[in-house]
Structures are given as structure tokens and as C-alpha cells.
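If you want the building blocks of each chain, they are given just below.
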Amino acid sequence: MKLKDISSGKLNASEWEAKGYELPTYDIEAVRTRTHENPTWVHFGGGNIFRAFPAAILNDLLNKGVYDRGVIVAETFDYEVVDKAYTPYDNLSLLVSLQASGTIEKKVIASVTESLKADYAFDDWSRLVDIFRNPSLQMATFTITEKGYGVPPADLERGLKPMMAMGKVTALLYERFKAGKLPLTVQSMDNCSHNGDKVKAGVIAYAKRWAEERLAPQAFVDYLEDEQTISFPWSMIDKITPRPHAKVKEMLAADGFEDNQYIETEKHTFTAPFVNSEETQYLVVEDHYTNGRPPLDQAGVIYTTRKTVDEVETMKVTTCLNPLHTAMALYGCMLNYTLISAEMNDEDIRPFIQKIGYIEAMPVVTDPGIINPYEFIGAFINRRLPNPFMPDTPQRIAMDTSQKLPIRFGETIKKYAARHLDMDNLVLIPLVLAGYARYLKGVDDNGKPFTPSPDPMLQELQQIVEPLTVGKEGQDYSCLKNLYSRKDVFGLNLYETPLGNRIEEMVKQLFAGKGAVRSILHKYTAQR
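Throughout what follows, the structure given in this document is the object of discussion. (Residues numbered from 1 in each chain as written. Predicted model: local features only at pLDDT ≥ 70, side-chain atom pairs only at ≥ 80, totals over all residues. Heavy atoms only, no water.)

Along the backbone of the protein there are 25 helices and 15 strands. Dimensions of the protein, computed from the C-alpha atoms along their principal axes, are close to 75 × 60 × 45 Å. For the protein, buried positions account for 60% of its 528 residues. Relative to all contacts within the protein whose residues are 6 or more apart in sequence, the contacts with residues 24 or more apart total 76%. Here the protein displays about 20500 Å² of accessible surface, and carbon together with sulfur accounts for 49% of that area. For the protein, the centre of its 59 positive side-chain charges and the centre of its 70 negative side-chain charges are spaced 2 Å apart. (Helix = DSSP H or I, 4+ residues; strand = E, 2+ residues; numbered from the N terminus. Buried < 20%, exposed > 50% of the residue type's maximum accessible area, 1.4 Å probe, protein only. Contact = heavy atoms within 4.5 Å. Areas by Shrake-Rupley, 256 points an atom, 1.4 Å probe, with all protein chains shown as cover. Lys, Arg positive; Asp, Glu negative; His and termini not counted. Charge placed at Lys NZ, Arg CZ, Asp CG, Glu CD.)

Moving on, we get to the side chain of Ser402. With respect to the helices and strands, the residue Ser402 is situated in helix α19 (residues 401–418). A polar side-chain atom of Ser402 sits 2.9 Å from a polar atom in the side chain of Gln403. Engagement of the side chain of Ser402 in a polar contact is seen with the side chain of Asp455, the distance being 2.6 Å. If near-sequence neighbours (up to four positions away) are discounted, Ser402 is found in contact with Tyr436, Asp455, Met457, Leu461, Asp488 and Val489. (Polar contact = N/O pair within 3.5 Å; in protein donor to acceptor, adjacent residues only side chain to side chain.)

This structure, assessed with the given rule, holds zero disulfides. In this model Cys192 remains outside any disulfide bridge; the closest cysteine sulfur is found in Cys320, 20 Å from its own. (Disulfide = S-S within 2.5 Å.)

This paragraph deals with the pattern of salt bridges. Two side chains bearing opposite charge may form a pair once their charged atoms approach each other closely. Overall, the coordinates contain 37 salt bridges when judged by the stated rule. Here Arg384 and Glu278 are joined by a salt bridge, their closest N and O atoms 2.5 Å apart. Residue Arg384 is located in helix α17 (residues 373–384), and its partner Glu278 is located in strand β13 (residues 274–278); the two are separated by 106 residues in the primary sequence. By relative accessible area, which is 4% here, Arg384 ends up buried. Between Arg396 and Asp392 there is a salt bridge whose closest N-O contact spans 2.5 Å. Judged by its relative accessible area of 45%, Arg396 falls in the partly exposed class. (Salt bridge = Lys/Arg side-chain N within 4 Å of Asp/Glu carboxyl O.)

Another aspect to go through is the nonpolar core. Nonpolar side chains in soluble globular proteins tend to end up buried together. Grouped together as the largest cluster of nonpolar side chains are 80 residues, with contacts concentrated most on Phe352 and Tyr484. Sorting elements by how many residues they give to this core places helix α20 (residues 428–440) first, with 10 residues. Dropping the residues within four chain positions of it, Phe352 is found in contact with Ala327, Tyr331, Leu428, Leu431, Val432, Leu521 and Thr525. Counting residues in each nonpolar core, the second largest holds 55 residues, with Tyr21, Ala85, Ile109 and Ile237 among its members. (Core = buried A, V, L, I, M, F, W, Y, C linked by side-chain atoms within 4.5 Å.)

Here we take up the packing of helix α10 (residues 195–212) against helix α11 (residues 218–225). One way to put it is that α10 packs onto α11 with a least axis distance of 8 Å and a crossing angle of 160°. As judged from the angle between their axes, α10 and α11 are roughly antiparallel. Helix-helix and strand crossings are classified by hand; for α10 and α11 the assignment is left-handed. Each of Val203, Ile204, Ala207, Lys208, Trp210 and Ala211 in α10 lies in contact with α11, whose residues at this interface are Gln218, Phe220, Val221, Leu224 and Glu225. (Axes fitted to C-alpha atoms, helices over the stretch in contact; angles between N-to-C directions. Parallel < 35°, antiparallel > 145°, perpendicular 65-115°, else oblique. Left-handed = near helix turned anticlockwise from the far one by under 90°.)

This brings us to unusual backbone geometry. The phi dihedral of Thr145 falls on the positive side, at around 70°, and the residue is not glycine. Residue position: Thr145 is located in the loop between β7 (139–142) and α8 (153–156).

As a further point, take the sheet that holds strand β9 (residues 230–231). Consider a sheet: its strands pair through backbone hydrogen bonds, and that pairing is either parallel or antiparallel. Spatially, β6-β3-β2-β7-β8-β9 is the arrangement adopted by the six strands of the open sheet, whose pairing is parallel. Two strands close off the open sheet at either side, each with one partner strand: β6 (112–117) and β9. Of the strand pairs in this sheet, strand β2 (residues 41–44) and strand β3 (residues 71–75) are connected by three bridges, and their pairing is parallel. When the bridges of β3 are listed, His43 appears paired with Val73. Across the sheet, helix α3 (residues 28–37) touches β3 and β6, and the angle it forms with β6 is around 50°. (Pairing = 2+ DSSP bridges.)

The next point concerns the environment of Ala140. With respect to the helices and strands, the residue Ala140 is situated in strand β7. Classification of Ala140 by relative accessible area gives buried; the value is 1%. Residues Ala140 and Asn493, 353 residues apart in the sequence, show an inter-C-alpha distance of 42 Å. Contact partners of Ala140, with chain neighbours within four places excluded, come to Val42, Phe44, Phe132, Leu184, Thr185, Val186 and Gln187.

In C-alpha cells, the structure reads:
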């Protein structure tokens, strides 16, 4: 059983279906021909999240017969992804959805019709130019991570042939401008706040430099800034798609599916011909398209206003998901867990995050109306986190914690203050922040050292708690003032609220000695 069997005429459909594989029901070659002649969607970033979510929901539409075009993927960063994960398999892939029940769903994704290297050194660039000059193109979308939207000054110096993703996209938009100022929607699907603004800022930065240097006319800048012609909608995406997992590889091999090998590129992209992901997914998009769009709402995408997208993002990031993740990550590291799913069997950690969400954060939740916050958090706690097939780790989630705390917890505290709510209702959120000082010390609950996850402020913040020693009685904790007064870390000076001193007292208890993390976590969670 190989993916290329599907397009080579060697397919034994009954064998695949007998082993639980869902095959495309549409004419793959016909879809590819129509897409080549009149493309509607090009996507930048050929990683796992793209294949597991945008490409997969388009595949569903094709199977339903409600759409007739595929998606063209363009890679801007790691061209080996095209050479090793797309071309050898005729752009087909296998999506393995990992259900919380422990079962799996296996679906062949054939909606990707072309895979191109977005670089001037390859013939693919001329194909991309043709695509962007075609009036049929409706949207260009992205999953290139937040870092992909950067605009390095050195790249602005390269004129009309920049090397970074935003520069290349601007060059392609310039081709569309020259083809008749054709309309297009430029849509980020990355997991970052106000993502449409990040794309727009990057594109406009290049265009303005080119106009200043008379490499392009001012009319090109005006074209990009006219949102009736070129739009940059916001979106909120949520789906966990980890690296290819050994358990999945073993299950596929047992089925006789031969395309189960791991792929690691020289740039350390980890992928495979298969993608494993969780079953739960959300994509909420601002409905502002200037040249039409595929009917992705018929496959679960929610189209709405920019304000509602922002409210969904706020609900997720400040209340219903991200704060719980960080709480689990910090205490999971100190309690020597290596899997998030395993933490959900912990008699203290599970109620800890439940009470943070339902009791402490929910009173100030932003309710977007289109997604119920209680249902969202319930799915997260009861289906997503316990999923035994999702190999996510507290160590991964603890990365860059200093950058996350202001939004994930600082915003909730600010809302309590602004609404004059009783700060005594906040017990476990302060315990998370107290745990951060203990985490920074890099000593687990058994008194053994561990290495905190990478963080741009790690060394600086560790120096603040350096005077403290786990298990030392009568020590001076005044150094904590230099930590919990940091607005850049917590979003506010915690000593300007009733929480600063409360957190200090919790830190003292957490530093009491071996077993203190477990003891104090149990104490405050049980009391709550």
C-alpha cells in the first residue's frame, strides 16, 4: 500500500478500505487540470498543520462534490519539504486523526494539486508568477509561523528580489498589480493574534521601500492599501499537529502502509508522508474577501466579523486554553512529567486546571457568541488534553513562558481590577505565578536539577532567583520584588494589586524542600 498507487492506476481500493482508509471519491486528475488552468487558492507553507487542516477540509469539500478546485502549495523556507514530502508521493498524503477514545481515522488527502518552491532559482517561480497573474486566483494563505512575517532590514536592501517570505509574496503581488490591479485576499492562518495585520505590515514595508527607491510606482502601494481590492483578514486557528509519532508509524506499518518513514531535512523540519493530528479543530475567519472564496464554511470554517475573530482569540488565549496549558507546563516540568496526556491522570493537576478555568478565569471571559466558552474549555480538558495519541510535552509548552504570562494571566488580573472584582477569588492563578519562580530555579520536586525550556529572558530571570535555595530555612526572599514587579513579564506590577504579597508567601512554601511542590499544589487545589 503506497500513496502513488492511487495516482498510478495500481490502487487496490478494497484493500485500503478494508483496513479503514478513506480514499478520495473525486476525479483527482480532473481537479488538478481545472486547478492548473484556473487556480483559486495558493498556500504558502507546506508543513504538517497545512496538510492536516486547510488541505484536509478542502479534501472534504471535493469528496462532497461541492467544489471542483484544489490548492497549490508553495514553500518559502525549506525546499526539501517539497523534494521529500510532496514530490515522491505525487502531492498525496495520509492524515491520521487521533481520537481521544484511542481510535484513529485514516484519510488520504489529494486536494494539493501542485507543490512549488517559492524561489527565483527554480522554474517554479515562473509558475507562481502565472498563478498570481491569473484573474481566477481568490486567496493566498499562510502557515509559515509568526517568525515568517518578519522584515529584516537587510532583505529590504535586495530590491525586487528579496529572500524572505513577505518579500517574495510582495513580488508576486506586484505581478498581480501589473496584470491589471486584480483583486485578492491575503490570508494568514497562523496561530498568532491579529495575524492579518502581520501579513499586511510585512507586504506594505516592502512595497513602500520599492516605491521610495522607484522600483515600483506609488500606485502599487495604494493598490495594497485599498482593502476593497487587497484584503488582509484576521483569523483564529486551533489544532494540535505534532511531529510524526512512533506509535502512528507502527500502526501504519502493521496495516501494510509502506509510506511511513520519517523525514528530517537539513533545516530540521520534521515531517513524513503521513500527518498525525488531534480530532478537534477550529478555524474562525474574518469574512472579507475581494474576489470570492472556496466554500470552506461547508467544511466547518466559521466566517464572521473581525471583532468576533478577536473575541474568539481573546477567549482562547486568556481564559479557555493557553493559561491552562502554561499551568500544566510549569508544574508538569517540576513534577517530572514528559507527556501532557499523562498529566491529565494526576489527581492534583487535573482539578488544578479545571478550577483555574471554570472558577477563576471564567468570570472575566470574553464570550464571542459563536463558540460557547464552557463548551470550548470542556472539549479542551475532557477530549484534547487526555488524548493518549497526542505526544505533546510540558517541556515544549513551557518554551518562551516569559513572553506568554502577560497575556495568559496578566489580562485576567487586569480585568478583575478594572471591574472591581474580588481578588480573593484568585488563588490558583497566583499559585501558577508563584510556581514560575520555583520553575526558574531549575530544581524539581525531588530536589534534582532540570533544565528549563528555552526562553529569551531565561538567564536574566534566573539571576533574580539565584539567591534562593530549595530547602533552606530563614532565607531572604526580598529578591522576589525584582521578579513580580516586572510589567514586561506579568503584564502589570503585581505589588500594585493584593496578589504580590500573596504570591510571595506561596513561593516560600514551594521552596520549603523536597515534596513541597506536590504538597502545596494539593493543598491549594483541594481548598479551592
